[in-house]
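# Fold and contact review
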There are 6 protein chains.
Amino acid sequence: MKVLTFGEIMLRLSSQGYKKLFQNDLMETSFCGAEVNVAVSLSNFGIETFFLTKVPDTSIGHEAINTLKYFDVDTSKVIYGGDRLGLYYLEKGVSQRASKVIYDRKGSSFATMKSYEVNWDEVFTGIDWFHFSGINPALNVEINEICKMACSVAKEKGITISCDVNYRSALWTEMEAQRRMKALMSYVDVYIGNEEDAEKALGLKAKNSNIVNGQIEIDDYQEICEMIVDLYGCKYVAITLRESISASINNWSGILYSSKGKLCRSREYNIQIVDRVGSGDSFSAGVIYGLLNNYDIEDTIEFAAAASCLKHTQEGDFNRVSSHEVMALVEGNGSGRVIR
Amino acid sequence: MKVLTFGEIMLRLSSQGYKKLFQNDLMETSFCGAEVNVAVSLSNFGIETFFLTKVPDTSIGHEAINTLKYFDVDTSKVIYGGDRLGLYYLEKGVSQRASKVIYDRKGSSFATMKSYEVNWDEVFTGIDWFHFSGINPALNVEINEICKMACSVAKEKGITISCDVNYRSALWTEMEAQRRMKALMSYVDVYIGNEEDAEKALGLKAKNSNIVNGQIEIDDYQEICEMIVDLYGCKYVAITLRESISASINNWSGILYSSKGKLCRSREYNIQIVDRVGSGDSFSAGVIYGLLNNYDIEDTIEFAAAASCLKHTQEGDFNRVSSHEVMALVEGNGSGRVIR
Amino acid sequence: MKVLTFGEIMLRLSSQGYKKLFQNDLMETSFCGAEVNVAVSLSNFGIETFFLTKVPDTSIGHEAINTLKYFDVDTSKVIYGGDRLGLYYLEKGVSQRASKVIYDRKGSSFATMKSYEVNWDEVFTGIDWFHFSGINPALNVEINEICKMACSVAKEKGITISCDVNYRSALWTEMEAQRRMKALMSYVDVYIGNEEDAEKALGLKAKNSNIVNGQIEIDDYQEICEMIVDLYGCKYVAITLRESISASINNWSGILYSSKGKLCRSREYNIQIVDRVGSGDSFSAGVIYGLLNNYDIEDTIEFAAAASCLKHTQEGDFNRVSSHEVMALVEGNGSGRVIR
Amino acid sequence: MKVLTFGEIMLRLSSQGYKKLFQNDLMETSFCGAEVNVAVSLSNFGIETFFLTKVPDTSIGHEAINTLKYFDVDTSKVIYGGDRLGLYYLEKGVSQRASKVIYDRKGSSFATMKSYEVNWDEVFTGIDWFHFSGINPALNVEINEICKMACSVAKEKGITISCDVNYRSALWTEMEAQRRMKALMSYVDVYIGNEEDAEKALGLKAKNSNIVNGQIEIDDYQEICEMIVDLYGCKYVAITLRESISASINNWSGILYSSKGKLCRSREYNIQIVDRVGSGDSFSAGVIYGLLNNYDIEDTIEFAAAASCLKHTQEGDFNRVSSHEVMALVEGNGSGRVIR
Amino acid sequence: MKVLTFGEIMLRLSSQGYKKLFQNDLMETSFCGAEVNVAVSLSNFGIETFFLTKVPDTSIGHEAINTLKYFDVDTSKVIYGGDRLGLYYLEKGVSQRASKVIYDRKGSSFATMKSYEVNWDEVFTGIDWFHFSGINPALNVEINEICKMACSVAKEKGITISCDVNYRSALWTEMEAQRRMKALMSYVDVYIGNEEDAEKALGLKAKNSNIVNGQIEIDDYQEICEMIVDLYGCKYVAITLRESISASINNWSGILYSSKGKLCRSREYNIQIVDRVGSGDSFSAGVIYGLLNNYDIEDTIEFAAAASCLKHTQEGDFNRVSSHEVMALVEGNGSGRVIR
Amino acid sequence: MKVLTFGEIMLRLSSQGYKKLFQNDLMETSFCGAEVNVAVSLSNFGIETFFLTKVPDTSIGHEAINTLKYFDVDTSKVIYGGDRLGLYYLEKGVSQRASKVIYDRKGSSFATMKSYEVNWDEVFTGIDWFHFSGINPALNVEINEICKMACSVAKEKGITISCDVNYRSALWTEMEAQRRMKALMSYVDVYIGNEEDAEKALGLKAKNSNIVNGQIEIDDYQEICEMIVDLYGCKYVAITLRESISASINNWSGILYSSKGKLCRSREYNIQIVDRVGSGDSFSAGVIYGLLNNYDIEDTIEFAAAASCLKHTQEGDFNRVSSHEVMALVEGNGSGRVIR
C-alpha cells in the first residue's frame with residue numbers, strides 16, 4: 001500500500017525551552033508542515049509513503065528534503081524551484097501562556113507553484129491513498145485549483161482521499177474556507193478535523209454545542225458526523241477532541257464515525273505536553289494507518305488517539321514513534337514505567 | 001504618566017534547567033532586582049518608566065543598564081560608581097525540592113550608596129508615581145535613610161507612593177524590619193505584600209490566621225487590610241495569595257482592598273511554574289498599571305493577578321508580556337490554545 | 001561507621017531534555033550504577049563510604065572514578081583493568097511515553113572480573129555495612145560467585161548486609177533470578193525491593209495482590225514482609241511503592257518492616273518527575289542511613305522516602321542532596337517555597 | 001552631531017561554530033544589515049545615531065528594533081508595517097572553505113516600502129550626516145527612488161552624505177549597479193568601497209590593476225580615487241583592502257583619499273577571523289567617526305582600520321567595541337595581552 | 001556506476017570544542033567509520049553508493065543506518081543483529097596537544113560477524129567498484145577472511161577494488177598487519193595509504209626516507225609506488241602527504257601514481273584544522289570519484305586533495321561537500337571569500 | 001613529597017567562545033586562582049598536594065572545594081567562613097582583541113581572613129614544599145602578614161619556598177608591590193616570574209632591556225637572575241618568556257637559572273591559544289615538579305615550558321594533563337598527530 005501526501009514543507013524556528021522568541025540568541029530548527037508530518041508518521045509506521053511539494057533549489061530546500069529521506073519518505077516526486085522556503089516562528093506556551101505561531105510563508109516556492117507543474121496522472125501511478133489538508137486551499141486560488149485537480153484525478157483512479165480540514169484563522173476567513181472546502185469535500189472519503197473545524201470550514205453545527213474546552217456532548221458529534229456523511233458522501237469522519245486545561249495539560253481523545261452509522265470514542269489521555277504542534281497531523285496518520293490496515297473503527301480510533309497522544313510528548317512537529325510503540329500504549333496503561 | 005522605581009539591579013546566575021548549582025559548567029545570566037523588575041514590567045505595559053540605581057562604572061554595570069534600554073526603561077538617572085554589582089545564585093526548585101537563592105550582594109555599588117548622591121527634588125521632576133520595596137531598607141541604615149528622604153520629597157510633590165513590603169528573612173530580622181518599615185509606611189499610598197508580609201514586617205495578624213499553604217480565610221484578609229489602612233493611611237492594600245502545592249505547581253490569586261472599604265479577590269490560577277522569581281514584582285506592576293489607568297479595583301486586581309500568573313510561565317525575573325497579552329488572559333480562559 | 005558498596009559503575013548517555021535518542025547531536029553524560037548510586041548518596045549524607053568496582057585503566061575509567069572523589073567516596077579499593085566501561089543509553093520518558101534504557105554493558109571490566117581479583121578479607125577491614133544489588137548476580141555466574149564470597153566473609157566478620165533486589169528483566173529471567181537470589185538472601189540482613197521484586201526474584205506473592213499501579217493493599221505487604229523474614233531471616237524488609245500515574249507524575253512512598261513484627265508506611269509524595277533513574281538506589285541509601293543512625297523504623301522510612309522523593313527531582317542517577325535537605329523535607333510540607 | 005542611516009534590518013540565522021547549515025538543530029540568531037551595522041557601531045562610539053527602516057508590526061519586527069535600543073540607537077523614526085522581516089542564512093567558512101550567505105529577503109517590509117511612506121524633510125530635521133549603502137538601490141527601483149529622494153533632500157539641507165558601494169552580485173548585475181549607482185554618486189560626499197566596488201559598481205579601473213588577493217599597487221588606488229573625485233565631486237574616498245589568505249586569516253588595511261589630493265594607507269592587520277560579516281560596515285562607521293570628529297585623514301583611516309579589525313574578532317555583524325577600545329588598538333601593538 | 005563499501009559503522013563521542021574528555025557533561029555524537037565515511041562522501045558527490053555492514057537490531061543500530069539514508073547512501077544490504085554498536089571517544093587536539101582516540105569497539109555486531117552471513121555473489125550484483133580499508137582485516141581473523149572472500153568474488157566479477165591501508169597501531173602490530181595485508185593486496189587495483197602505511201603494513205621503505213613531518217623526497221615516493229605496482233599489480237597508488245605543523249595547522253597534499261609510470265603531486269594546502277578525523281577517507285572518496293569519472297591522474301589527485309582539504313574544515317568524520325564545492329576549490333585559490 | 005599551596009580560590013565566569021561579556025545569556029563557570037591552579041596541576045602530576053584557603057560555608061564554597069577533590073588535591077586544611085567567594089569575569093580575546101578580566105573579589109572570605117585563623121606550625125606538619133604567589137600580599141596588609149608568618153614558619157621547618165611574583169597592576173601599584181615583595185623575597189628559595197615581574201615588583205632591570213614583545217636578550221635575563229640570587233639568596237630563578245604575536249598566537253618558552261650560575265632556556269613553542277589564563281601557574285607547577293624530582297635544570301625548564309604550553313591548549317585555568325602527557329611533548333615534536 002502506498003500513500004502520497006501533498007503540501008508545503010516549512011522551516012520551523014522555535015525559541016529554546018519556554019523562552020520567549022529572541023529571549024536568547026538560539027533557535028531550534030526543524031522542518032515540518034501539515035502534510036509532511038503525516039507522511040513522516042506513516043513512514044515511521046512502516047507504510048511506503050511519498051511526499052510531493054515544491055522547495056527552492058538551494059541548500060535550504062535540499063536540506064529540508066534530505067531530512068525526509070532520513071525517515072524513509074520517498075521524495076523522488078519533489079519539485080525544485082521558486083524563491084524561498086516558507087517558515088514559521090514558534091514560541092512554546094506553558095500553563096496559562098499560550099503558544100504563539102508567527103507565519104512567514106508568503107511567496108514560498110510551494111505557495112507560488114503553478115498547476116501546470118504537476119502531472120497528477122503520473123504522480124498518482126501506483127498510489128493507493130492521497131492525503132492533503134485544508135491549509136493547501138487556504139494558501140491561494142492556484143493551490144486550491146491544484147488540490148481540486150489532484151482530487152479529481154485521484155477519484156478517477158480509485159485512490160482513497162483523506163482530508164484534514166485544519167482550519168487556520170490566520171490564513172483565511174470562515175467564509176472563504178467554506179467556499180473552497182465545500183467544493184473539495186465532495187471528493188473526500190475520509191474527513192478529519194478537530195471539534196471546531198466542521199463549523200468553521202463547513203458551517204456545520206450541532207444544535208446545543210458549546211465548544212469551550214471541547215465539552216461537546218457525544219450526541220452532538222454524532223449529529224455532525226451524520227451531516228458530513230449526508231452532505232459529502234464521506235465514508236469515515238474522524239474528529240479530535242482536545243480539552244485544554246492549560247497550555248501544559250490537555251485531555252485528548254478522538255472520535256471515529258463510519259458511514260455505516262457507528263461512532264466510537266477512544267480512551268481519553270491526560271497529557272503533560274512537551275510540544276503539541278503537529279498533533280492533529282499525527283492523528284490523521286493514525287487514522288490512515290488503521291484504515292489502510294483494515295482495522296475496525298474501534299481499533300483505528302484507539303490507534304490514532306494513542307499515536308497523537310505520543311506526539312504531544314515529543315519535540316518537533318514529527319511523530320517519531322513506530323507502530324509498535326503506538327500499540328504498546330494502546331495495549332498498556334500509559335503509566336510510563338521505564339522500559340529496560 | 002511617569003513612574004520611577006528605585007532599588008538595586010543585580011546579576012542573577014542560575015543553573016540550567018533543574019540542575020543543582022554547579023552540576024554542570026554553565027550558568028544562565030540575567031539582570032534583575034525587585035524594583036527594576038517592576039520598572040521593566042511597567043515599561044512593557046507601555047508606561048513611561050524611569051529606574052534609579054547605582055551600578056559600577058565597568059562593562060558589568062553598563063551591560064546591566066543597557067539591558068533595561070532594550071525594554072525602553074529610561075535609565076538617564078542611573079548613578080555610576082562604587083565597587084561591584086551585587087549578584088545572587090539561583091537553583092530552581094521542582095516538585096518537593098524548593099528553589100534556593102544564595103545572595104552575594106554585600107558591598108555592592110547600590111548597598112554602599114550615600115544619601116548625598118541623590119537629589120530627590122531633581123529626580124522626581126515630572127514623576128507621577130514612586131515605587132520601592134522593603135528590600136531597600138533591609139540593606140542597611142543608609143539606604144533606609146535614602147528611602148525616607150525619597151518618600152518625604154515625593155509626598156511633598158504629591159507623587160503617589162507604592163511599596164512592596166517584600167520581607168526577606170535572609171536580609172533582616174522581623175524586629176528590624178518592623179522598626180524601619182513602620183516608619184516608612186506612613187508615606188505609602190499603596191501597600192503591596194504577600195500573605196505573610198504584614199505579620200513579619202508590620203506585626204499585623206488577623207485573629208485566626210493560619211498561613212500554611214496560604215489558607216487564610218478571606219475575612220482575615222479584610223481584617224488585615226483594615227488595620228493597614230487605619231494605622232498608616234494607605235489608600236489601597238494589595239496582597240498576593242500563593243498556595244504552594246509544590247515547587248512546580250502553585251495556586252495564585254490576589255486581593256485588592258480600597259480604603260473606601262471594598263475588598264476584591266481575583267480569579268485563582270493553577271500554575272505550572274517555569275520560574276517564580278519576580279512574580280511578586282510583576283504583581284506590583286500590575287496593581288500600579290491598573291490604578292494608574294483608573295481601573296476599578298475588580299479590574300485592577302484581575303489585571304495584576306493575570307500579569308503575575310504569566311510571569312510564572314517565563315524564564316528570568318522580568319515579566320516580558322505586554323498589557324494586551326495580560327488582557328487576553330483576563331478576558332480568556334487560560335486554556336492555552338495555540339495562537340496562530 | 002563505614003559502608004562499602006560493590007557493583008558496576010557505568011557511563012550513562014542520555015538525550016537532552018525530552019528528545020528521542022539521537023534526535024539531535026548532543027548527549028548528556030554521567031556516571032552511575034545501582035551500588036555506586038547508593039555510595040554517593042550515603043557519602044552526601046556524611047557517611048564514610050567505600051566503593052569497590054573494576055574499571056578499565058584508561059582515561060575513561062579514571063574519569064569515572066574521579067567523579068566519585070568529588071563526592072568524597074573512598075575509591076582506594078577500586079581495581080583497574082579489563083577492556084571497557086559498560087554504558088547505557090537513556091531516553092527520558094514523559095507523560096504517556098515511557099523512558100527507554102538500552103544497555104551496552106557486555107564485556108565490561110566489571111562483568112569480566114574474576115573472583116581471585118578481590119581479597120574480601122582485606123576489603124572488609126574496618127567496614128560496618130556491606131551493600132550490593134541484584135544486578136550483580138544477574139550479570140553472570142562469576143559475579144554471582146563473587147557476591148556469595150563477599151556475603152560469606154561479611155557474615156563472618158559481623159558486617160551488616162543489605163541487598164536491593166533490583167530485578168531487571170533485560171538481564172535475566174525470573175527463574176534464573178530466583179535461583180541465584182534465594183541463595184544470596186540467606187546472608188542478607190536488610191532486604192530492599194520494589195513492589196514486584198519479591199515476586200519476580202523470590203517467587204513470593206500475597207494472596208490477592210494486584211500490582212498494576214502499585215495498588216496493593218497494605219495487608220498484602222505485611223504478608224510478603226513476614227514471608228521474607230521467615231524464609232531468609234532478614235531483620236528488616238524495605239519496599240518502595242510507586243504508583244505511576246504517568247512517566248511525569250508518580251506517587252511515591254515506602255514501607256519498612258521490622259522482624260520484630262512492626263510495619264510502617266511513609267508519607268506519600270506526589271512527584272513531578274525530573275529524572276527517576278536511581279530513585280530506588282536513593283531509597284536504599286536512605287534506609288541504610290536511618291538504620292546506621294539507629295533511627296526507629298518510622299523515622300527511617302520517612303527519611304528514605306523523602307530522600308528518594310528528592311532524587312526524582314534531580315538530573316542524573318545520583319542523589320546530590322545532604323541529610324539536612326532530606327530532613328527539611330521530612331519535617332516540612334514539601335510545598336517548595338523558595339529558600340532565601 | 002547626529003547621524004542617520006537608512007536601510008534594511010534583517011534576521012541572520014547562522015549555524016553554530018563551523019557546522020554546515022542544518023548540520024545540527026540549532027541556529028544562532030542576530031539582527032543586522034549594512035546600514036544598521038553602521039548605526040550600531042557609531043552609537044557604540046558615542047555618536048547620537050538614528051536608524052530609519054521599515055519592519056513588520058509583529059513581535060519579530062519589534063524584537064529587531066528593541067535590539068537597537070540596547071545599543072542606544074534612536075529608533076523613533078522606524079516605520080512599522082508590511083509582511084515580513086527579511087533574513088539570511090550564514091554558514092561560516094574556515095580555512096579553504098568559504099563562508100556562504102543565502103538570502104531570503106524578497107517581499108520584506110523594507111523591500112516593499114513605498115516612497116510616500118517617508119517624509120525626508122521631517123526625517124532629516126537636526127541630522128548632520130546621512131549614510132546608506134549600495135544594497136538599497138540594488139533591491140529594486142522603488143527603493144532606488146527613495147534613496148535618490150533622500151539624497152536630494154539631504155543635499156539641500158547641507159547634510160554630509162556617505163555611501164558604501166557594497167556591491168553584491170547576488171542582488172544585481174554590474175550593469176544595473178552602474179546605472180543606478182552613477183546617478184546616486186553625484187550626491188555623495190564620502191565614497192566608501194572595497195577593492196572591487198569601484199570597478200563593479202562604477203566601471204572604474206586602474207590601468208594595471210590585478211585584484212586577486214587584493215594585491216593592487218598603491219598607485220592604482222590613487223588613480224581610482226582621483227577618478228571618483230573628478231567624476232562625482234566626492235570629498236573623500238575610503239577603500240578597504242582585504243588580502244584573503246584563507247577564510248580564517250586575512251590581511252586587512254584601509255586607504256583614505258582626500259579631494260585635496262592626499263592618500264593615506266593604514267597599518268595592515270594580520271587577522272585570525274572570528275566572524276568577518278559586517279567588517280565593511282564597521283569600516284564605514286570608523287571613517288564617519290573620524291571625519292565627524294575632524295580627525296585628519298591619517299588618524300581617520302587608522303581609526304577605521306582598527307575598528308574594522310576588531311569587528312573581525314567578534315561574533316555577529318555588529319561591532320560592539322567602544323571608541324576607547326579602538327583607540328587602544330590604534331595606539332597599541334595588537335599583541336593581545338590580557339587586560340586586568 | 002555503483003560503488004559498494006564494506007566496513008564498520010561506529011558511534012563517535014567527542015567532547016565539545018577543545019574540552020578534555022568529560023571536562024563537562026556533554027558529548028557530541030555522530031556516526032562514522034573508515035568505509036562508511038567513503039560511502040557518504042561518494043554519495044554526496046552524486047555517485048550511487050551502497051554500504052554493507054552489520055549493526056545491532058536496536059534503536060541505536062537503526063539510527064546509525066537512518067543517518068546514512070539522509071545522505072542517500074543505499075542501506076538495503078545492511079545486516080541487523082549482534083550485541084552492540086562499536087564506539088570511540090574523541091578528544092580533539094589543538095596546537096601542541098594531540099587528538100586522542102579511545103576505542104570501545106570490542107564485541108561489536110560488525111566485529112563478531114560471521115563469513116556465512118554475507119552472500120557476496122548477491123551483494124555484488126550490479127556493483128562496479130568495491131572499497132574497504134585495512135581496519136577490517138585488523139579486527140580479527142574472521143573479518144579478514146570475509147574481506148578475502150569479498151575480494152575474490154569481486155575480482156571474478158570484474159569489479160574494481162580499492163583499499164585504503166589505514167594502518168592503526170592500536171588494532172594490530174606491524175607484523176600482523178603485514179601478514180594479512182600482503183595477502184589482500186594481490187586483489188587490489190587501487191592502493192591508497194598515507195606516508196607511513198606502506199612501511200608499516202607492507203614493509204616497503206624507500207632508501208633514504210625520513211617520515212618526521214612528512215618530509216619525504218618525491219623520489220622516495222616514486223620508488224615506493226613502483227614497488228607496490230611491481231609486487232601486487234595495482235593499477236594506481238595514491239598517497240596522502242601530511243605535514244603536521246601542529247594539531248591545528250597541517251600542510252596537506254596527495255600523490256597519485258599510475259602503473260603506466262606517471263606520478264603526480266597535487267597542490268599543497270595550508271589548513272587551519274576544524275576536525276581532521278576522516279580526512280584520509282575523504283581522500284579515498286576523491287580518488288575513487290576521479291577514477292570512476294575517468295579523470296586523468298592530475299585532475300584526480302587535485303580533486304582528491306581538495307576534497308580532503310575541505311573535510312579538515314568540517315565537524316565530524318563525514319565530508320559533507322558536493323563535487324561542485326570540491327571543484328570550486330580545485331579551480332579557485334582557496335582564499336575563502338564569502339559566497340553570496 | 002608533599003606540597004602545600006596557599007591562596008584564594010575564585011569563581012571564574014567567562015562568556016562562551018569569543019563572545020563579548022553578556023553577548024548572550026550563558027556563562028561558563030570554573031573555579032580557579034593562582035595557587036590553586038598550581039595545586040591542581042601538581043596533583044595531576046602525581047604529587048601529594050594540599051591547598052589551604054578560606055571559602056564561605058555555603059554550597060558555593062563547598063562546590064569550589066569539591067572540585068579540588070576531583071583532582072585529588074587534599075582539602076582537609078581548608079577554612080570555612082566569611083561572606084563570599086571572590087569571582088572574576090573573563091572575556092576571552094582573539095587576534096588583535098585582548099582578553100579582559102574584571103575582578104569582583106573585594107570582601108571575599110579569603111581577602112578578609114585573619115592571621116589568627118591559621119596555625120602554620122600545624123599546617124606545615126609533614127610538608128616539604130610551600131608555594132604562594134604575589135597575589136596574596138597584593139590583596140591587603142593582613143594577607144601580606146599571613147604570608148610572612150607562613151614563610152617564617154616554613155623557613156624554620158626547612159621547607160622549600162617558591163613564589164610566583166605574579167604582578168597585577170589591577171591589584172596594587174609597583175611601589176606597593178616592591179615594598180611588600182622585597183620583604184617576602186628574603187624567604188624565597190625558588191623565584192618564579194614573567195619577563196616584567198622582576199622590574200615591576202622588585203625594581204630590577206637589566207641595562208638594555210626592551211620588553212615589548214618579550215624580545216629581551218638572553219644576556220639581560222642572565223643579569224636579572226644574578227641580581228635576584230645576589231639580593232635575596234634564591235636558589236633558583238625561573239622566568240617565562242611570552243612573545244605575544246596576537247591574542248591567538250604566542251611564542252612561549254622559559255628560562256631557569258641556578259644559583260650555581262647556570263642558565264638554561266627551553267625550546268620555544270609557537271602556540272595557537274585556546275585559553276591562556278593560568279599558564280603562568282602551570283609553569284610554576286612544572287618548575288616545582290622538576291625540582292622536587294631532582295631533575296637537572298635543563299630537564300626542569302623543558303618540563304615546565306611543555307607543561308605550560310599544554311595549558312594554553314585547554315579551557316579553564318587548570319592544567320589537566322598528567323606528567324606523562326607533558327613528557328610526551330618534551331620528548332616529541334609537538335606536531336599534534338592523533339593518538340589512537
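Please refer to the structure placed before this passage.
The present account deals with the structure reproduced in this document. Since the model is a prediction, treat every value here as computed from it, not as a measurement.

Next up on the list: the overall build of chain A. Counting its regular elements, chain A contains 11 helices and 15 strands. Relative to the 2.2 N^0.38 estimate, which gives 20 Å for 340 residues, the radius of gyration of chain A is 19 Å and therefore close to what a compact globule would have. Across its three principal directions, the C-alpha atoms of chain A cover 50 × 50 × 40 Å. If you take every contact in chain A between residues at least 6 apart in sequence, the share linking residues at least 24 apart comes to 70%. Surface summary for chain A: the accessible area is close to 10800 Å², and the carbon and sulfur share equals 46%.

Residues and elements named next belong to chain E. For leucine 263, the location among the structural elements is in strand S14 (residues 263-265). Residue classification places leucine 263 among the buried residues on the basis of a relative accessible area of 19%. Each C-alpha atom of the pair leucine 263 and glutamate 298 lies 8.7 Å from the other, and the pair is 35 residues apart in sequence. Excluding anything up to four places from it in sequence, leucine 263 contacts Ile218, Tyr221, Gln222, Cys225, Ile255, Leu256 and Tyr257.

Our next topic: the interface of chain B and chain A. By a frequent convention, interface size equals the accessible area lost on bringing the separate parts together. Tallying the contact residues gives 24 residues for chain B and 30 residues for chain A. Contact with chain A buries surface across chain B, with B:Gln272, B:Arg337 and B:Arg340 losing the most and accounting together for 34% of the total. Where chain B packs against chain A, one counts three salt bridges. Its salt-bridge partner being B:Glu28, residue A:Lys19 comes within 3.2 Å of it at the nearest N-O pair. The set of elements that each furnish at least two residues to the side of chain B that touches chain A consists of strand S15 (269-272), helix H10 (297-311) and helix H11 (323-331) of chain B. If you tally residues by element for the side of chain B that touches chain A, the top one is S15(B), at four residues.

On to the relation of the copies chain A and chain D. One copy of the chain maps onto the second through a rotation about an axis and a displacement along it. Note on the identical chains: chain A maps onto chain D by a rotation of 180° and an axial translation of 0.0 Å, with an RMSD of 0.0 Å. The transformation just described matches what one would write down for a two-fold rotation axis. When C-alpha distances to the rotation axis are compared across chain A, the minimum falls at A:Met27, with a value of 2.6 Å. Take the interface residues of chain A: 100% of them recur as interface residues in chain D, which is what a same-surface contact looks like.

Before going further, it helps to examine the pairing of strand S9 (residues 129-133) of chain C. For a regular strand, the rule is simple: side chains alternate between the two faces of the sheet. Residues and elements named next belong to chain C. Of all the five residues making up S9, five are buried; the element is thus mostly covered by neighbouring parts of the structure. The alternating pattern of S9 places Trp129, His131 and Ser133 on one face and Phe130 and Phe132 on the opposite face, and all of these are buried. Pairing of strand S1 (residues 2-6) with S9, which is carried by three bridges, proceeds in the parallel orientation. Looking across to S9, one finds that threonine 5 is bridged to histidine 131. Bridge analysis of S9 against strand S10 (residues 160-164) gives five bridges, and the strand direction is parallel.

A word on the sheet that holds strand S2 (residues 10-15) of chain C. Within a sheet, adjacent strands bond to each other through the backbone by hydrogen bonds, running parallel or antiparallel. Strands sit in the order S8(C)-S7(C)-S2(C)-S3(C)-S3(E)-S2(E)-S7(E)-S8(E) across an open sheet of eight strands; the sheet is mixed. Of all the strands in the sheet, just strand S8 (100-104) of chain C together with strand S8 (100-104) of chain E have a single pairing partner and so form its edges. Taking the axes of each pair of neighbouring strands and ignoring which way they run, one obtains an average angle of 30° across the sheet. Bridge analysis of strand S7 (residues 87-91) of chain E against S8(E) gives five bridges, and the strand direction is antiparallel. Bridge pairing in S8(E) places E:Leu90 opposite E:Val101.

Bringing helix H2 (residues 59-70) of chain D into the picture now. Residue and element names in this part refer to chain D. Along its 12 residues, H2 runs 16 Å from first to last C-alpha, staying within 8% of the 16 Å computed at 1.5 Å per residue. Within H2, 10 of the 12 residues are buried, leaving the element largely enclosed by the surrounding structure. Ile60, Gly61, Glu63, Ala64, Ile65, Asn66, Thr67, Leu68, Lys69 and Tyr70 are the residues of H2 that are buried. Positive phi shows up at aspartate 72, right after H2, with a value of about 70°.

Moving on to the interface of chain A and chain D. Each partner contributes to the interface: chain A provides 23 residues, whereas chain D provides 23 residues. Counting the surface lost from both chain A and chain D, the interface buries some 2100 Å², and carbon and sulfur atoms represent 62% of this. When the buried area of chain A at its contact with chain D is split by residue, A:Phe22, A:Thr29 and A:Ile60 rank highest and sum to 26% of it. At the surface where chain A touches chain D, the tally comes to four salt bridges. In this structure, D:Arg84 and A:Asp104 form a salt bridge, with 2.5 Å as the shortest nitrogen-oxygen distance. Applying the counting rule to chain A against chain D returns seven residue pairs in polar contact (both at pLDDT 80 or more). Elements supplying a minimum of two residues to the side of chain A that touches chain D: strand S2 (10-15), strand S3 (26-32), helix H2 (59-70), strand S7 (87-91) and strand S8 (100-104) of chain A.

Quick look at the sheet that holds strand S7 (residues 87-91) of chain F now. Reading across from one edge, S8(B)-S7(B)-S2(B)-S3(B)-S3(F)-S2(F)-S7(F)-S8(F) is the order of the eight strands in this open sheet, with mixed pairing throughout. The sheet is open, and its two edges are formed by strand S8 (100-104) of chain B together with strand S8 (100-104) of chain F, each paired on a single side. Across the sheet, the mean angle separating the axes of adjacent strands is 30° when strand polarity is ignored. Where strand S2 (residues 10-15) of chain F and S7(F) come together, four bridges link them in parallel fashion. When the sheet's bridge partners are listed, F:Arg12 is paired in S7(F) with F:Tyr88.

Moving on, we come to the relation of the copies chain B and chain A. Superposing chain B onto chain A takes a rotation of 120° plus a shift of 0.0 Å along the axis, which leaves an RMSD of 0.0 Å. Such a combination of turn and shift is consistent with a three-fold rotation axis. Considering only C-alpha atoms, the part of chain B nearest the rotation axis is B:Gly17, at 5.3 Å.

Reading the values: the criteria
Residues numbered from 1 in each chain as written. Chains lettered and ligands numbered in written order. Predicted model: local features only at pLDDT ≥ 70, side-chain atom pairs only at ≥ 80, totals over all residues. Heavy atoms only, no water. Helix = DSSP H or I, 4+ residues; strand = E, 2+ residues; numbered from the N terminus. Rg over C-alpha atoms; globule rule 2.2 N^0.38 Å. Contact = heavy atoms within 4.5 Å. Areas by Shrake-Rupley, 256 points an atom, 1.4 Å probe, with all protein chains shown as cover. Buried < 20%, exposed > 50% of the residue type's maximum accessible area, 1.4 Å probe, protein only. Buried area = accessible area lost by both parts, 1.4 Å probe. Salt bridge = Lys/Arg side-chain N within 4 Å of Asp/Glu carboxyl O. Least-squares fit on C-alpha atoms with pLDDT ≥ 70 in both. Pairing = 2+ DSSP bridges. Axes fitted to C-alpha atoms, helices over the stretch in contact; angles between N-to-C directions. Expected span 1.5 Å × (residues − 1). Polar contact = N/O pair within 3.5 Å; in protein donor to acceptor, adjacent residues only side chain to side chain.

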